Each structure stands twice: as structure tokens, then as C-alpha cells.
Amino acid sequence: MNKKTIESVDVKDKRVLMRADFNVPLDDDLAITDDRRIQSALPTIKKILEGGGRLILMSHLGRPKGKPEAKYSLAPVAKRLGEILKQNVPLAPDCVGDVVGALSEGVKSGECLMLENLRFHTAETIKDTEAKQDADKRAIKDEFACSLADLAEVYVNDAFGTCHRDNASMLTVPKMMNGKPKVIGYLVKKELEFLGSSLAHPTRPFVAVLGGAKVSDKIGVIDALLPKCDHVLIGGAMMYTFFAAKGTTTGKSLVEPKFVDEAKRLMEIGGDKLLLPTDSVVASEISSNADSKTIEGSIPDDLMGLDIGPASISAFSNVIKNAKTIIWNGPMGVFETPPFDRGTMAIAKVMADATANGATTIIGGGDSAAAIEQAGLSDQMTHISTGGGASLEFLEGKPFLALEVIDDA
Ligand code: AMP
């Protein structure tokens, strides 16, 4: 995907509307607990401010139900960004409307304004498929997007975590900015380069490690990666749907019965490429206090599989050690609850060793990124994606409509 970047636009004295992904985690006191998403947007923000642009930032935060809610205000983000940039970042009272229009006019070169949460309006998340079938919804989405588009002369998409969505700010706004430059920022560029080049020209052996709760979420990605990878390793709860497909009993483990046939199909097309764990760490419940033990193969009725066992860790580690490109999405077990974090932590360590030995290691965001952070190994991976859902859809090969409307390079 060869798209124009922020490098190609002279932003001097122009109003630049930048869609960022400031969906940061907040604690009960509304303090930001992890500001990685703000930090990731900084290169593009600084480029615009240093180039004399008049920056207008927009983002969503959390899942408000289409109306203002104090706990989803972008105020903490505006404050933190102001501290980092050492300049005032005022927060507009809304993201559209006359007051916002006037505020955007008042932004001077080298200054920036943060718009309030886009999801305080239902229009932001109306899907294009819904809008196609419902003229009222189309009108609401278009009117909202038009108000945003009117705020600026340049559009920048640097919200990789939202690139798989057809939200108004991601898709409809740039569509409406006809004749005005529409570019990607450095974060989106970096994500596309790492994910794109690892898929298009992987140094081999190329290995994918997939885990997490649901096989139903990952069928598309397994299908897409099997022809490209030398090995696909399966862990997490989804391994038990494959166990069921093999006729191995799974006890109380999380199995998706509707997807057993899909698992069979994937095992058939995957053959030796698809590696399943041979042992599990099991317990009667998800609790650090529960008695846990390792068992091979079949799981008795009263127990559930909560992590990959030591023999599987060892087999997976050997494959990863010999790989030159490794993509990881989804934890190997219930990593939030020790001792069921051991498989995930062990794989994180092997990935870090692989990076040190020259392999390219890519973490697909979401829970895998949280697990790597928990292991203290974030700085030992080649690339950690800021978008869990987006990176998964990218790996699946789904088109990103929000990027298709950006100017071609
Ligand atoms: P996902 O969002 O699909 O990547 O799933 C991540 C979640 O899967 C984490 O919250 C893990 O606790 C959970 N998970 C991983 N392995 C298991 C397992 N064996 N049983 C239940 N949950 C699991």
C-alpha cells in the first residue's frame, strides 16, 4: 500500500485535521495508566507543529453511547499531551458545531486544539452498510463528517488501531475533503511497513503464533497465514476446539462447538505446518488458588485447560528459535492469572531471544502486547502493533477502506 505521508505536505499556516487513536486506559480517578498511544502519535504531531501547521486533533476514547459522559472525556489526554509537548493543548467542548468551528479558526501556526470524544455522537460509529440501507442514518453520518471536514485544509490519518473501521472520522471525513491533501502519519506508515513487509517478503522460516480465547475470531487469520507461513503454532483456549476436532476430550475447557468442523478443515489444509500443543496446565477453575497440574492430551470432565504445558512450551520454543520472522497474536493461556501465565511468559522470552539473534519479531497488539509488557520485554521486540483488531484484520488480508481514500503516493 503506497500512500502519501505527512512528509509530502507543506502544512505551514494550514489547519490540519489529524485522526489519532488516543483510546488510552484510564483508572477510576481518570488518570492515564498507559500513555503509549499518545507517545506513538508524537512523531506526526511534532512534524505538523514544527512545520507551522495549525493542528486539530480528533479521537475516540472508550465506548460512550453516543452522548457526552465525563468518564470518556479526552480531557486527561489533552492534559498529558500538553505536558509532553510543553505547550497548552486546549480541549474543545465538542467535536462539531459553531463553537468548535470558531475555536478551529483561532488555532495559530504551531498550536494545537483537541476536539472532544468523537463517540459522543452516534454518527461516528454508524456503519456504511447501515447507512446504505437507511437514508436517515446516511444523512446523520454525512452531516457529522461534513462538519469535521470543514474544520481543515489537510487530513491526516495516524490512527492505526481504528484503520479497520468505517467510522465517520476515518472514512467519511477524508472522502468529503475533495481536492484537499489526505495523508497518513508516521505511525500508520510504520505499522503498514512492518506488517506489510513481513507478510509480503518474510525472511524464512516464517512462523505465526496464535492464541487467545476464541478460534472464531482467528479462523480468517489462520486461513490467510497457513499458505504464507512455514509453521502456525496454536495456543490459548482456541487450541481446545482443535482438540475437540481431533476427538481429544476437553473437560470444562473453552470450546466453540460450532467451529469444530472449521478446526478440522484447518488441520487438513495445514497438515504438518499447523502445530498444536500436546500438554495443558489444568485446574477446576480460573483462580490462582486452584490446584493446577500438567496433563498430556485428554482433559477429564471436571477440569479445564488454562495454559500450554511444558512439553508444548519446549516444542514451540524450538520452532521459534529457528525462525527468522515471527508474528504473535493472542496469549497462550490465561496470562492474567498466575500460574496460567507461564506459557505466555515463556514464549515472550523466546521471542525476545529470537530478536536478539536477528529475527524480526512482531506482536499484533491487544492482549499479546499487554503480556509482553507484563513480561517487561516490550523493548525487546522488533515491532509491537498499536492495533489488536486492526493488525488481525490486516494479517487476514481484509481491505482497509479508511486507507483506500488516502491519496496515493
Ligand atoms: P483474545 O482477545 O481472543 O486474544 O483472547 C485473550 C484472552 O484469552 C485472555 O484474556 C486470556 O485470559 C484468554 N485465554 C487464553 N487462554 C485461555 C484458556 N485456555 N482458557 C480461557 N481463556 C483463555
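Residues numbered from 1 in each chain as written. Predicted model: local features only at pLDDT ≥ 70, side-chain atom pairs only at ≥ 80, totals over all residues. Heavy atoms only, no water.

What follows is about the domain arrangement of the protein. What the domain assignment reports for the protein is domain 1 (6-187) and domain 2 (194-396). Its C-alpha centre places domain 1 at a distance of 34 Å from the equivalent point of domain 2. Taken together, the eight residues of domain 1 in the interface contact eleven residues of domain 2. Buried area between domain 1 and domain 2, summed over both chains or domains, comes out near 710 Å², and the portion from carbon and sulfur atoms is 59%. On the domain 1 side of the interface with domain 2, the three residues burying the most area are Arg36, Phe160 and His164, jointly 70% of the side's total. For the pair domain 1 and domain 2, the number of links is one salt bridge. Along the contact surface separating domain 1 from domain 2 lie one residue pair in polar contact (both at pLDDT 80 or more). (Domains from an automatic or database assignment. Contact = heavy atoms within 4.5 Å. Buried area = accessible area lost by both parts, 1.4 Å probe. Salt bridge = Lys/Arg side-chain N within 4 Å of Asp/Glu carboxyl O. Polar contact = N/O pair within 3.5 Å; in protein donor to acceptor, adjacent residues only side chain to side chain.)

Note that Lys3 resides in the segment before β1 (15-20). We classify Lys3 as buried; its relative accessible area is 10%. Polar contacts involving the side chain of Lys3 include one to the main-chain carbonyl oxygen of Leu403, which spans 3.4 Å. Here Glu404 takes part through its backbone oxygen, which lies 3.4 Å from a polar atom of the side chain of Lys3. The contact partners of Lys3, leaving out residues within four places of it in the chain, are Ile184, Leu403, Glu404, Ile406, Asp407, Asp408 and Ala409. (Helix = DSSP H or I, 4+ residues; strand = E, 2+ residues; numbered from the N terminus. Buried < 20%, exposed > 50% of the residue type's maximum accessible area, 1.4 Å probe, protein only.)

Now for the packing of aromatic side chains. What the rule picks out here adds up to three aromatic pairs. Summarising the aromatic geometry, the rings of Phe160 and Phe400 are spaced 6.3 Å apart at their centres and angled 50° between planes, so their arrangement reads as tilted. Within this pair, whereas Phe160 is found in the loop between β4 (154-158) and α6 (168-176), its partner Phe400 is found in the loop between α14 (388-396) and α15 (401-404), the two being separated by 240 residues in sequence. Between Tyr240 and Phe243, the aromatic rings sit 5.3 Å apart at their centres with planes inclined by 75°, giving edge-to-face as the arrangement. In this pair, Tyr240 and Phe243 are both assigned in helix α9 (residues 239-246), three residues apart and thus about one turn of the helix distant. Each member of the pair Tyr240 and Phe243 is classed as buried. Among the aromatic residues, ring-to-ring pairing joins Phe160, Phe394 and Phe400 into one connected group. Positioned above the aromatic ring of Phe243 is the side chain of Lys246, whose terminal nitrogen or guanidinium carbon lies 5.1 Å from the ring centre. (Phe/Tyr/Trp six-rings, centres within 6.5 Å; stacked < 30°, edge-to-face > 60°. Lys NZ or Arg CZ within 6 Å of the ring centre and 35° of its normal.)

With their axes 8 Å apart at the nearest point, helix α5 (residues 135-149) and α6 run at an angle of 70° to one another. Compared by their axis directions, α5 and α6 come out roughly perpendicular. The segment α5 lies against α6, with Arg138, Lys141, Asp142, Phe144, Ala145, Cys146, Leu148 and Ala149 engaging Ala168, Thr172, Val173 and Met176. The class makeup of the residues in the contact of α5 with α6 is eight nonpolar, one polar and three charged. (Axes fitted to C-alpha atoms, helices over the stretch in contact; angles between N-to-C directions. Parallel < 35°, antiparallel > 145°, perpendicular 65-115°, else oblique. Nonpolar A, V, L, I, M, F, W, Y, C, P; charged D, E, K, R; others polar.)

For helix α2 (residues 75-85), the set of buried residues is Pro76, Val77, Ala78, Leu81, Gly82 and Leu85. Next to the buried residues of α2 lie α1 (36-50), β2 (54-58) and β3 (112-114). Note on α2: the residue one or two positions beyond its end, Lys86, has a positive phi of about 55°.

The next subject is the sheet that holds β4. Strand order in the open sheet formed by five strands is β3-β2-β1-β4-β5, with parallel pairing between adjacent strands. Because the sheet does not close on itself, it has two edges, and the strands there are β3 and β5 (182-184). On average, each strand axis in the sheet is inclined to that of its neighbour by 20°, with strand direction left out of account. Pairing of β4 with β5 involves three bridges; the strand directions are parallel. Bridge pairing in β5 places Tyr155 opposite Lys182. (Pairing = 2+ DSSP bridges.)

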